[in-house]
Amino acid sequence: MLTALDHQHQLILATDASRATHYYCPGCRHAVTLRKGQRVVAHFAHQPGNRCNVTTESESQQHLTGKWQLARFFKHDEVRLEPYLSDIQQRPDLLLIQPGKRVAIEFQCSPLSPSKLAARNAGYQKLNVTPVWVLGDYYFQHMKSQSQVALFANWSRKWGWYLLFWHTQTARMELWSQLKIDLLGRIGYQRYQLTAAGESRFIESRALCFDVWQIKQLRQQITYGLRFRTHKYMKWQNFCYMHNCLLQTIPNCCFEHAIVPPLFGDSIAILRYCLLILISDLGQQSVFSLQDVWEMVAELGQLVPVGQFANCNQRVVRNQLQLVLEAWLQTLTVAGYLQPLTHDTWQVTRQFITDP
Ligand SMILES: [Zn+2]
C-alpha cells in the first residue's frame, strides 16, 4: 500500500515517509514497514505473520506503480489514495469524488474469485459508491474466453459490453468495447485508448466474423467430446436422449447469427438447440409465452450456464439476454417451427425431430 498512518493518525504517503518513524495500517492497525529504494516503488508492507483482512492483495510492483499512475491519470477529479472505508472495511485503490458521485477504482493485477469480486462490489453498493475495475497486464495477456470476460465485463449504452485495462509500461488506459463471442466462445472487440480528458482514440478492431469453418469446428468438437466421453458433452447428450434427440444432429438454424453478446459460458448453439428441444416438447399447436422461455433457460441453467456476470447489474444482463432469446424465437419462426400470436406468445407449428 502507498499510504499508512503515523503516530498522530495522519495518513502519510510512502514517498513522504521517513524510516525513523513508525507507521500503521489504516485498516487493521498493525505496524507496517516502509519499503523504499532505487528498485522498489515506495510502499508500506505488513510485517510477516500479521494478518490483515482489509489489504488482501500481496502487492506487486506493477500494482503499486499503477496506483500512482492512476492517481495522476484521474487528476481532474478529487482523488483519495487507498482510503479506508471503515463502514464496509474495504480499501479501494483510489476513490474519486465527482459531483454527486463517488467512484472506487480497483486496479486488479492478480487473479480474483467471482465471490470476492461480488462481495467487494456489494460493499461499495452499500455506500452508494460505483466500483470500476481496471485490469493489469496479467488479464490483458490472458483474456481470451467468455468465462474470463464475464468476471469483469460491464455494459454501457455507448460501449456495449466492455473491459478496462491499465498499462503501467505506457501509463495508458485501454478500453475493449463491443465485446462479442462466436460459436466457439472466442472473443472479439474494438480497442480504444482513453485519455484523462475523457476522449477515446481508436486503436484497432479485433471483431469476429462468421465463417462456416466455425460450424465444422463446433460439430467436430461435439464428435470428439462424445467419443472421449467428456463430461459436459455427455451431460448434453443425456439431455438429448431424455428428449429422444441426439446432440450430433443440431439443425443449421442453431448456427445462424453466430456472433452474440458474451453471455454464454458455452456455445450459443448448444443453448439454442436445448431450447428448441424443450419448445418442441410442448407439442404441436401448443402456445407458450416469453415467460415460459425464461423458465426453460432457468431449467437449463445447470446444463448450459448463462450470464454469471459478477460486475454487472443483473437487470442489464437480463435485458441483454432477452434480446438474444427474442432473436432466437424470430429465427425459429422463419425456420417454420413457430408462429407468433402476440408480441410475446407463440404457437408451435412444427416439432423438431432428430432424423433416425
Ligand atoms: Zn492491515
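Residues numbered from 1 in each chain as written. Predicted model: local features only at pLDDT ≥ 70, side-chain atom pairs only at ≥ 80, totals over all residues. Heavy atoms only, no water.

**Some points on the overall build of the chain**
Assigned secondary structure in the chain consists of nine helices and 17 strands. Once the C-alpha set of the chain is aligned to its principal axes, its extents read approximately 80 × 45 × 40 Å. Taking all 356 residues of the chain together, the buried fraction comes to 51%. Considering only contacts in the chain between residues 6 or more positions apart, those separated by 24 or more positions represent 56%. Here the chain displays about 18,300 Å² of accessible surface, and carbon together with sulfur accounts for 50% of that area. Once the 35 positive and 25 negative side-chain charges of the chain are each reduced to a mean point, those two points are 6 Å apart. (Helix = DSSP H or I, 4+ residues; strand = E, 2+ residues; numbered from the N terminus. Buried < 20%, exposed > 50% of the residue type's maximum accessible area, 1.4 Å probe, protein only. Contact = heavy atoms within 4.5 Å. Areas by Shrake-Rupley, 256 points an atom, 1.4 Å probe, with all protein chains shown as cover. Lys, Arg positive; Asp, Glu negative; His and termini not counted. Charge placed at Lys NZ, Arg CZ, Asp CG, Glu CD.)

**Notes on the layout of surface pockets**
Here the largest pocket is characterised by a volume of approximately 1,200 Å³. Residue lining of the largest pocket: 45 residues in total, with Thr130, Pro131, Val132, Asn154 and Tyr162 positioned closest to the centre. When contributions to the lining of the largest pocket are tallied by element, the ones reaching two or more residues are β7 (94-98), β8 (101-108), α2 (114-126), β9 (129-135), β10 (154-156), β11 (160-167), β12 (172-181) and α9 (314-334). Residues that form the lining of the largest pocket fall into these classes: 25 nonpolar, 15 polar and five charged. (1 Å grid on protein atoms, 1.4 Å probe; cavity = no way out; pocket = protein on both sides within 12 Å on 5 of 7 lines; lining within 4 Å. Points joined across faces, edges and corners; volume = space filled by probe spheres on them. Nonpolar A, V, L, I, M, F, W, Y, C, P; charged D, E, K, R; others polar.)

**Some thoughts on the packing of aromatic side chains**
Inspection of the entire model under this criterion finds 18 aromatic pairs. Geometrically, the ring pair formed by Trp161 and Phe309 is stacked, given 4.5 Å between the ring centres and 25° between the ring planes. You can see Trp161 sitting in strand β11 and its partner Phe309 sitting in the loop between α8 (290-299) and α9, a full 148 residues away along the chain. Pair check on accessibility: Trp161 and Phe309 agree, each one buried. Between Arg318 and the ring centre of Trp294, over which it is positioned, the NZ or CZ distance is 3.9 Å. Over the aromatic face of Tyr337 sits the side chain of Arg350, whose NZ or CZ is 4.3 Å from the ring centroid. (Phe/Tyr/Trp six-rings, centres within 6.5 Å; stacked < 30°, edge-to-face > 60°. Lys NZ or Arg CZ within 6 Å of the ring centre and 35° of its normal.)

**Regarding unusual backbone geometry**
At Asn128, a position not held by glycine, the phi torsion is positive, near 60°. Note on placement: Asn128 falls in the loop between α2 and β9. Not every positive phi belongs to a glycine, and Asn244 is a case in point at roughly 55°. Counting through the fold element by element, Asn244 comes out in the loop between α6 (231-242) and α7 (268-281).

**Some thoughts on the domain arrangement of the chain**
Partitioning the chain into structural domains gives domain 1 (56-206) and domain 2 (212-348). Its C-alpha centre places domain 1 at a distance of 32 Å from the equivalent point of domain 2. Taken together, the contacts link 21 residues of domain 1 with 27 residues of domain 2. Between domain 1 and domain 2, a total of about 2,000 Å² is buried, with carbon and sulfur atoms accounting for 64% of that surface. Counting every contact that joins domain 1 to domain 2 gives seven residue pairs in polar contact (both at pLDDT 80 or more). Secondary-structure elements contributing two or more residues to the side of domain 1 that touches domain 2 are α2, α4 (146-152), β10 and β12. The element that contributes the greatest number of residues to the side of domain 1 that touches domain 2 is α4, accounting for five residues. (Domains from an automatic or database assignment. Buried area = accessible area lost by both parts, 1.4 Å probe. Polar contact = N/O pair within 3.5 Å; in protein donor to acceptor, adjacent residues only side chain to side chain.)

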